[in-house]
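Listed below, chain by chain, are the residues.
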Amino acid sequence: MGARLRAKWRIFIGRWNRPNRIPDMNFDFSEDQKALAAQARRFLEAECPTTAVRAVLEGGLTHDAKLWQGIADMGFLGVVIPESHGGLGLSHLDLCVIAEELGRSVAAVPFSS
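Residues numbered from 1 in each chain as written. Predicted model: local features only at pLDDT ≥ 70, side-chain atom pairs only at ≥ 80, totals over all residues. Heavy atoms only, no water.

## Re the packing of helix 2 (residues 31-47) against helix 4 (residues 65-74)
To keep it simple, the criterion reads: In this description, a line fitted to the C-alpha atoms serves as the axis of each element, helices being fitted only across the stretch in contact, and the angle between N-to-C directions of two axes falls anywhere from 0 to 180 degrees. Counting from the N terminus, the helices are the DSSP runs of H or I reaching at least four residues and the strands are the DSSP runs of E reaching at least two. Roughly parallel means an angle under 35 degrees; roughly antiparallel means over 145; roughly perpendicular covers 65 to 115; every other angle is labelled oblique. It is the rotation of the near helix from the far one that decides the hand of a crossing: anticlockwise by less than a right angle makes it left-handed, clockwise makes it right-handed. Should any heavy atoms of two residues lie within 4.5 Å, those residues are counted as being in contact. In this count, Pro and Cys sit with the nonpolar residues alongside Ala, Val, Leu, Ile, Met, Phe, Trp and Tyr, while Asp, Glu, Lys and Arg are called charged and the others, Gly among them, polar.
The N-to-C vectors of helix 2 and helix 4 enclose an angle of 155°; their axes lie 11 Å apart at closest approach. One way to sum up the angle between helix 2 and helix 4 is to call them roughly antiparallel. In the crossing of helix 2 with helix 4, the sense of the turn from one axis to the other is right-handed. Within the contact between the two elements, helix 2 uses Gln39, Phe43, Leu44 and Glu47 and helix 4 uses Lys66, Leu67, Gly70, Ile71 and Met74. Residue composition of the contact of helix 2 with helix 4, by class: five nonpolar, two polar and two charged.

## Concerning the side chain of Asp94
Short version of the rule: Throughout this description, buried means an accessible area under 20% of the type-specific maximum (1.4 Å probe, protein chains only), exposed means over 50%, and partly exposed covers the range between. Charge counting follows a simple rule: Lys and Arg are positive, Asp and Glu are negative, and His as well as the terminal groups are ignored. In what follows, salt bridge is the name for a side-chain nitrogen of Lys or Arg lying within 4 Å of a carboxyl oxygen of Asp or Glu. Two N or O atoms count as a polar contact when they lie within 3.5 Å, although within protein this holds only if one can serve as hydrogen donor and the other as acceptor, and sequence-adjacent residues are included solely when both atoms are side-chain atoms.
If you trace the backbone, Asp94 turns up in helix 5 (residues 92-104). Buried Asp94, no salt bridge; nearest opposite-charge side chain is Lys34, N-O distance 12 Å. Only 3.1 Å separates the side chain of Asp94 from the backbone nitrogen of Ser91, close enough to count as a polar contact. Setting aside its immediate chain neighbours within four residues, Asp94 contacts Gln33, Leu36 and Val79.

## Observations regarding the confidence of the model for the chain
We count it as follows: A score between 0 and 100, pLDDT records how confident the predictor is in each residue.
For the chain, per-residue confidence averages 86 on the pLDDT scale, and residues scoring 70 or more make up 82% of the total. Here helix 1 (residues 3-17) stands out as the least confident element of the chain, with mean pLDDT 63; helix 2 is the most confident, with 96.

Here it is as structure tokens:
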């Protein structure tokens, strides 16, 4: 291998092995979103046992009114509504965090209706 070819090969290998200049993508929730999820999970574990879900399903009710009122009292219904209009002013991703916890507990409420 000639000196010129080795030089070209080193340049090629150097380009191939250089560190990626694009920062790593972080798909994890922020600390605030993790805290929001933990708060929703604790509330739903206390207020939405499987027996309450079963009672709604077998009783012919449309939703659990007590749980729905509790969700409203927690402010979860106004997550993406701006604070100037009485909401929490959070993002749609924060709304998804709450919806995920509602789905996890199989909450019998019309949250997405």
